[in-house]
Amino acid sequence: INTVIYSTVLKGFAVMKCVEKVFQVYEEMRASGISCNTITYNTMLDACAKSCAMGRASKLLEDMAESCVEPDIITYSTIIKGYCVEGDMDRAFHVMAEMKKDGKLKP
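Reference entry: report on the structure contained in this document. Fair warning: this is a prediction, and the values are worked out from it, not measured in the lab.

### What about the overall build of the protein chain?
1) Next: Secondary structure summary: the protein chain contains 6 helices and 0 strands in total.
2) Next: Beginning at the N terminus, the succession of helices and strands in the protein chain can be written as α-α-α-α-α-α.
3) Next: Over its C-alpha trace the protein chain gives a radius of gyration of 13 Å, about what one expects of a compact globule, namely 13 Å for 107 residues.
4) Next: If one aligns the C-alpha atoms of the protein chain with their principal axes, the spans along those axes are about 40 × 25 × 15 Å.
5) Next: Looking at the protein chain as a whole, 37% of its 107 residues are labelled buried.
6) Next: In the protein chain, 59% of the contacts between residues at least 6 apart in sequence involve partners at least 24 apart.
7) Next: Summed over all atoms, the accessible surface of the protein chain reaches about 6200 Å², with 58% contributed by carbon and sulfur.
8) Next: Placing the 13 positive and 14 negative side-chain charges of the protein chain at their respective mean positions leaves the two points 4 Å apart.

Written as structure tokens, this is what we have:
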């Protein structure tokens, strides 16, 4: 089993808004030494956004950085969407401001 297969399973749980299952699969991946890519992390962030579980997003971003996986425009737009869904517009605008300041990605 590889990253692509695991990412597909994660996507299924994300669509079903089963955020706990998403993190169970993520922990299984880590325990098995299966690396995550940007798509994998974006899928998990999407699960957080859809399930109003954005409190878990910062840990995923830390894990991305530790794994040397670069966030992309999808990563940031998903985070912004998640904060908007939760009604946390201040955090959403903060993320957008950070994107602008960083300069690598344009909102």
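### Quick notes on the environment of Ser35
1) Next: Mapped onto the secondary structure, Ser35 falls in the loop between helix H2 (19-32) and helix H3 (38-50).
2) Next: Separated by 42 residues in the primary sequence, Ser35 and Ser77 place their C-alpha atoms 23 Å from one another.
3) Next: Setting aside residues no more than four positions away along its own chain, Ser35 makes contact with Thr3 and Met29.

### Some details on the nonpolar core
1) Next: Ranked by internal contacts, the top residues of the largest apolar core, which has 29 residues, are Phe23, Tyr26, Tyr41, Met44, Cys48, Met54 and Leu60.
2) Next: Elements supplying a minimum of two residues to this core: helix H1 (3-15), H2, H3, helix H4 (57-66), helix H5 (73-85) and helix H6 (89-102).
3) Next: Not counting the four nearest positions on each side in its chain, Cys48 is found in contact with Val19, Phe23, Ala53, Met54, Arg56 and Leu60.

### Some points on the packing of H5 against H6
Working note: a packed helix pair is described by the angle between its axes plus the distance between those axes.
1) Next: Close contact between H5 and H6 brings their axes to 7 Å; oriented N to C, the two are set at 160°. Taken as axis vectors, H5 and H6 run roughly antiparallel relative to one another. The handedness of the crossing between H5 and H6 comes out as left-handed. Mapping the contact onto sequence places Ile73, Tyr76, Ile79, Ile80, Tyr83 and Cys84 in H5 and Met89, Arg91, Ala92, Val95, Met96 and Met99 in H6.
2) Next: Tallied by class, residues from the contact of H5 with H6 come to 11 nonpolar, no polar and 1 charged.

Rules of the game
- Residues numbered from 1 in each chain as written.
- Predicted model: local features only at pLDDT ≥ 70, side-chain atom pairs only at ≥ 80, totals over all residues.
- Heavy atoms only, no water.
- Helix = DSSP H or I, 4+ residues; strand = E, 2+ residues; numbered from the N terminus.
- Rg over C-alpha atoms; globule rule 2.2 N^0.38 Å.
- Buried < 20%, exposed > 50% of the residue type's maximum accessible area, 1.4 Å probe, protein only.
- Contact = heavy atoms within 4.5 Å.
- Areas by Shrake-Rupley, 256 points an atom, 1.4 Å probe, with all protein chains shown as cover.
- Lys, Arg positive; Asp, Glu negative; His and termini not counted.
- Charge placed at Lys NZ, Arg CZ, Asp CG, Glu CD.
- Core = buried A, V, L, I, M, F, W, Y, C linked by side-chain atoms within 4.5 Å.
- Axes fitted to C-alpha atoms, helices over the stretch in contact; angles between N-to-C directions.
- Parallel < 35°, antiparallel > 145°, perpendicular 65-115°, else oblique.
- Left-handed = near helix turned anticlockwise from the far one by under 90°.
- Nonpolar A, V, L, I, M, F, W, Y, C, P; charged D, E, K, R; others polar.

Keep in mind these values describe shape, not function.
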